[in-house]
Amino acid sequence: MEVKTTLGLELPTDPRWVNIAEKRIEDILVDHAYCEQKAASSCISLIVQYPEKEQLIEVLTPVVAEEWAHFERVIEQLKKRGFGLGKQRKDEYVIALSATLKKGGSRDQQLVEKLLMNALIEARSCERFKILWKNIADEELQTFYYELMVSEAGHYANFVDLAKTYMPETYVRERWGEFLKIEAGIMTRLKVRGDRMH
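Predicted model only: the values in this text are computed from it and were never measured. (Residues numbered from 1 in each chain as written. Predicted model: local features only at pLDDT ≥ 70, side-chain atom pairs only at ≥ 80, totals over all residues. Heavy atoms only, no water.)

What follows deals with the packing of aromatic side chains. Under the defined criterion, the tally for this structure stands at 5 aromatic pairs. When the centroid spacing of 5.3 Å and the interplanar angle of 35 degrees are considered together, the rings of Phe129 and Tyr145 count as tilted. With a gap of 16 residues between them, Phe129 in helix α5 (residues 107-135) and Tyr145 in helix α6 (residues 139-166) connect regions that are remote in the sequence. By way of ring pairs, the aromatic residues Phe129, Phe144 and Tyr145 are connected into one cluster. When the ring centre of Trp17 is taken as origin, the NZ or CZ atom of Arg128, which lies over that ring, is 4.4 Å away. (Phe/Tyr/Trp six-rings, centres within 6.5 Å; stacked < 30°, edge-to-face > 60°. Helix = DSSP H or I, 4+ residues; strand = E, 2+ residues; numbered from the N terminus. Lys NZ or Arg CZ within 6 Å of the ring centre and 35° of its normal.)

As a further point, take helix α3 (residues 54-80). In a regular helix each residue adds 1.5 Å, so 27 residues correspond to 39 Å; α3 covers 40 Å between its end C-alpha atoms and thus fits that length. Along α3, the sharpest change in direction is near 25 degrees and occurs at Leu60; proline Pro62 comes one to four residues later. Buried residues of α3: Leu56, Val59, Leu60, Val63, Val64, Glu67, His70, Phe71, Val74, Ile75, Gln77 and Leu78, and no others. Among the structural elements, α2 (25-49), α5 and α6 are those in contact with the buried residues of α3. A positive backbone phi angle near 75 degrees is found at Gly82, which sits one or two residues after α3. (Expected span 1.5 Å × (residues − 1). Bend = angle between axes of the 7 residues up to and from the residue. Buried < 20%, exposed > 50% of the residue type's maximum accessible area, 1.4 Å probe, protein only. Contact = heavy atoms within 4.5 Å.)

Following the criterion strictly, the structure yields 19 salt bridges and no others. Where Lys102 meets Glu178, a salt bridge forms, and the shortest distance between an N and an O atom there is 3.7 Å. Taken together, the residues span a long stretch of sequence, with Lys102 in the loop between α4 (92-98) and α5 and Glu178 in helix α7 (residues 169-189) at a distance of 76 residues. Between Arg124 and Glu183 there is a salt bridge whose closest N-O contact spans 2.7 Å. Residue Arg124 is located in helix α5, and its partner Glu183 is located in helix α7; the two are separated by 59 residues in the primary sequence. Given a relative accessible area of 0%, Arg124 falls into the buried group. Overall, the relative accessible area of 0% leaves Glu183 in the buried class. Taken together, the salt bridges that share partners define one network made up of Glu76, Lys80, Arg81, Asp138 and Glu140. (Salt bridge = Lys/Arg side-chain N within 4 Å of Asp/Glu carboxyl O.)

In structure tokens:
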């Protein structure tokens, strides 16, 4: 079964990534656990920053719970393999994306910047989960990453739809196109690392 959502990423993941990642599955799981923790924290932060946005609260509250459940599931996979959580690593991908956010503008424009960045991170995560599902030998992790791939595709759509709630669709579509080009440039510049989810 395939995910029906079109992610629209302009640059696919380098094929070498999955080969390196499979040899470093402990590192991938540790980094993945922190990605899920940060995803939950990011949604909480948006709710706290924009408490007047009822639709945002309604949509993101269950996402917080789901991301935290994913964190718990990754911890379970680590434990099954005799691994610990380990230290958090610097996420060069997210740092690079954050540096491209537009400054200034209205409160709603700033919100859309954050929503679209989150959508992009979810889209890339979904793509990476699909690669892991289709290519790694560990059958349990195949199933695990298939399930998370489906979930992350839904989260990506949530963020884009929310952006269209607070700014006109034409604005969101244009800015999303810019984000996709920026992200492709970042992916080109970053070293292929099999110890990171992004």
